[in-house]
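A closer look at the structure
For reference, the chains in residue letters:
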Amino acid sequence: MSVPETVDRVLLTAAVVMIVVAGAALLARIWRGPSMLDRAISLDVCAALIIAGLGAKSASARDPFYFPIMLVLAFLGFTGSVGIARFIAARDRPTPRHGPGPAGDGGGRGRTGPSGDRDRGSGRSDGAEGEGR
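Residues numbered from 1 in each chain as written. Predicted model: local features only at pLDDT ≥ 70, side-chain atom pairs only at ≥ 80, totals over all residues. Heavy atoms only, no water.

So, about the packing of aromatic side chains. Within the structure shown, the criterion is met by 1 aromatic pair. Seen from their ring centres, Phe65 and Tyr66 are 5.3 Å apart, and the 80° between their planes marks the pair as edge-to-face. (Phe/Tyr/Trp six-rings, centres within 6.5 Å; stacked < 30°, edge-to-face > 60°.)

Below, the structure is given as C-alpha cells:
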C-alpha cells in the first residue's frame, strides 16, 4: 500500500467513526427530547448522517453509484424539515387577542398622523373616502 492510500484509509476510518458517534448522540437526543422540535431537528440530522455515511461508502469504494441516492435523500430531508417547521409554526401560532387593547389606545386601530390625532380614513388627504373606486 502506498502512502496516499494509507492516508485515505485512515481518513475514511476516522470519518466513519465520527459518523457512528454522531449517530449515537443523535439517538440519545431523539430519545430524550425534551420537545417535539428537538426530535424534528434530530430526524433532519439523521438524514444528513445517512447521506454522510453513503458518501464515505462511495469514497471508500471509489464508486459514484450512491450520488443520486444521496441527492434524493437530501431533497427528502429538506422537504421533511420544511413540512415539520410549517406544522410546528402553525401549531405554535399565538391566538389573536379579542377586545380593546391597553387603556387609551382605542384598540390599536388606525394610524397616528403628524398632528397626533388618529387618521381613520384611507390615507388620502382630499377627504373623498369612497369616490373614484
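Moving on to the pattern of salt bridges. The tally for this structure, following the rule as stated, stands at 1 salt bridge. Of the charged contacts, one joins Asp8 and Arg62 as a salt bridge, the two residues approaching to 3.0 Å between their closest N and O atoms. Placement of the pair is Asp8 in helix 1 (residues 3-32) and Arg62 in the loop between helix 2 (36-61) and helix 3 (67-91), with a sequence separation of 54 residues. Accessibility expressed as a relative area gives 32% for Asp8, which makes it partly exposed. (Salt bridge = Lys/Arg side-chain N within 4 Å of Asp/Glu carboxyl O. Helix = DSSP H or I, 4+ residues; strand = E, 2+ residues; numbered from the N terminus. Buried < 20%, exposed > 50% of the residue type's maximum accessible area, 1.4 Å probe, protein only.)

If pLDDT is low for a region, its predicted coordinates should not be looked at in detail. For the chain, per-residue confidence averages 79 on the pLDDT scale, and residues scoring 70 or more make up 72% of the total. Mean pLDDT per element in the chain: strand 2 (residues 118-119) is the minimum at 50, and helix 1 is the maximum at 91. (pLDDT = per-residue confidence, 0-100.)

On to a nonpolar patch on the surface. A contiguous nonpolar patch, built from Val3, Val7 and Leu11 and spanning about 290 Å² of accessible area, is present on the exposed surface. Locating Val7 in the fold gives a position in helix 1. With a relative accessible area of 41%, Val7 lands in the partly exposed category. (Patch = residues over 30% accessible without salt bridge, like charges linked within 9 Å, V, L, I, M, F, W, Y side chains within 5 Å. Areas by Shrake-Rupley, 256 points an atom, 1.4 Å probe, with all protein chains shown as cover.)

Here we take up the side chain of Ser42. In this fold, Ser42 is placed in helix 2. A distance of 2.8 Å separates a polar atom in the side chain of Ser42 from the backbone oxygen of Asp38. In this structure Ser42 touches Leu26, Arg29 and Ile30, once residues within four positions along its chain are discounted. (Polar contact = N/O pair within 3.5 Å; in protein donor to acceptor, adjacent residues only side chain to side chain. Contact = heavy atoms within 4.5 Å.)

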